[in-house]
Amino acid sequence: MGKTVLSVENLSTFYKTDKGISRAVENVSFTVEEGEILGLIGESGCGKSTVAQSILRLIEYPGKVVKGKVFLHEKELISASEADLYDIRWSEISVIPQSAMNALNPVHRIGEQIMEAILIHEHVSKKEALDRTKVLLELVGIDRERWKSYPHEFSGGMKQRVAIAMALACYPKMIISDESTTGLDVLTQSQVIALLKDLQRKMNLSIILISHDLPMVTSISDKIAIMYAGKLVEWASTDDILHDARHPYSRALLDATPDLINRDKKIVSIPGTVPNLVNIKSCCRFHTRCPFAFERCKVEEPELKEVKPGHFAACFLEEENHELTYTS
Ligand code: ADP
Ligand code: MG
């Protein structure tokens, strides 16, 4: 580790709605190092997919990236040409969307679909593309001869593996998995997660693992970034998030999570809901649900600050030295 692969700087992406501007992602900054797995966590509607789509510049009207930069190595993606992006999306960075396994074409052999992804983006012969397809299938734990199978011959978990093989078709350095295990049964989910970890090791891949499921992500992530209502509220090593979370939202997420070791743990759900982001005023967006909120949180927006080396949080409690006393 050590080399930065992806750097997101002050990214803001808004959506135009009938009622005004939805500030879906605002001033989000983080980096991902070579070979690192970053878990991007938050409840539904917190802006995780918008971040992923902004990085790949797949945001469409009524959405727009209004501010910020995204560097993939030295290349800036927000200002890159469509032609550059077309290649970058497969050969440098690719995404496994939530519905990936359902996106497989039912009338084509799975191997042919992976081959097609290779042939569109690289000047290689059909034989080379087929050979690589077989290697990719083996890499994701599928017998190489199954390239001849059709999607309906595969289980959900196997189709998800094919979707991962497809994302790896042009050997990108980074993949973004956007809730790609959501909807699979728990056992299959953990197998897919184990596969991602295995691929990260074998290929020195950098991975952004987007999920609303904190425990699933902590098992393999080096770092965790927590989003709330369009803002990055905490970003730290997985260990720090688990044992020294600073933001009340991170703590609330942890409290809302069952503990497999300590089964007696009291699970406390987070009261309230994510606020409407249309025309949202300057404030800490979590203040309406935060047990520690004080006046300043209602009128001012906390910025992400380094609270200790490599550990960032956006909360006024950190600056004002308020004690976070938790009963749980
Ligand atoms: P997540 O992936 O964390 O569930 P999203 O990125 O999908 O969150 O959504 C973040 C916010 O952006 C939400 O408030 C959502 O309502 C808003 N949003 C997403 N897509 C659109 C759209 N096409 N038009 C208007 N608002 C949108
Ligand atoms: Mg999403």
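This text gives an overview of the structure that appears in the document. (Residues numbered from 1 in each chain as written. Chains lettered and ligands numbered in written order. Predicted model: local features only at pLDDT ≥ 70, side-chain atom pairs only at ≥ 80, totals over all residues. Heavy atoms only, no water.)

Brief notes about helix α2 (residues 82–91)
Here is step 1: Considered for burial, the residues of α2 that qualify are Leu85, Ile88 and Arg89. In a view along the axis of α2, the buried residues occupy a sector of 105°, so they form one face of it.
Here is step 2: Lining the buried residues of α2 we find β4 (63–72), β5 (75–76) and β6 (93–96). (Buried < 20%, exposed > 50% of the residue type's maximum accessible area, 1.4 Å probe, protein only. Helix = DSSP H or I, 4+ residues; strand = E, 2+ residues; numbered from the N terminus. Arc of directions from axis to C-beta. Contact = heavy atoms within 4.5 Å.)

As for the site of ligand 1
Here is step 1: Near ligand 1 you find Tyr15, Ala24, Glu43, Ser44, Gly45, Cys46, Gly47, Lys48, Ser49, Thr50, Pro62 and Leu277, and these make up its full shell.
Here is step 2: Here an oxygen atom of ligand 1 and a backbone polar atom of Gly45 are 2.7 Å apart.
Here is step 3: The contact in question runs from an oxygen atom of ligand 1 to an N or O atom on the backbone of Gly47, over 3.0 Å.
Here is step 4: Relative to its unbound accessible surface of 560 Å², ligand 1 loses 65% to contact with the protein.
Here is step 5: No other element matches helix α1 (residues 48–55), which puts 3 residues into the shell around ligand 1.
Here is step 6: Residue composition of the shell around ligand 1, grouped by class: 5 nonpolar, 5 polar and 2 charged. (Near = heavy atom within 4 Å. Polar contact = N/O pair within 3.5 Å; in protein donor to acceptor, adjacent residues only side chain to side chain. Areas by Shrake-Rupley, 256 points an atom, 1.4 Å probe, with all protein chains shown as cover. Nonpolar A, V, L, I, M, F, W, Y, C, P; charged D, E, K, R; others polar.)

Re unusual backbone geometry
Here is step 1: In the segment running from Tyr61 into Pro62, the intervening peptide bond is cis, with an omega of 10°.
Here is step 2: With respect to the helices, strands and loops of the structure, Pro62 is situated in the loop between α1 and β4.
Here is step 3: Even without a glycine there, the phi angle at Asn10 is positive, about 50°.
Here is step 4: If you trace the backbone, Asn10 turns up in strand β1 (residues 4–17).
Here is step 5: Asn10 sits in the partly exposed class, given a relative accessible area of 38%.
Here is step 6: Phi at Asn279 takes a positive value of approximately 55°, unusual for a residue other than glycine.
Here is step 7: One can find Asn279 in the loop between α9 (248–255) and α10 (295–299).

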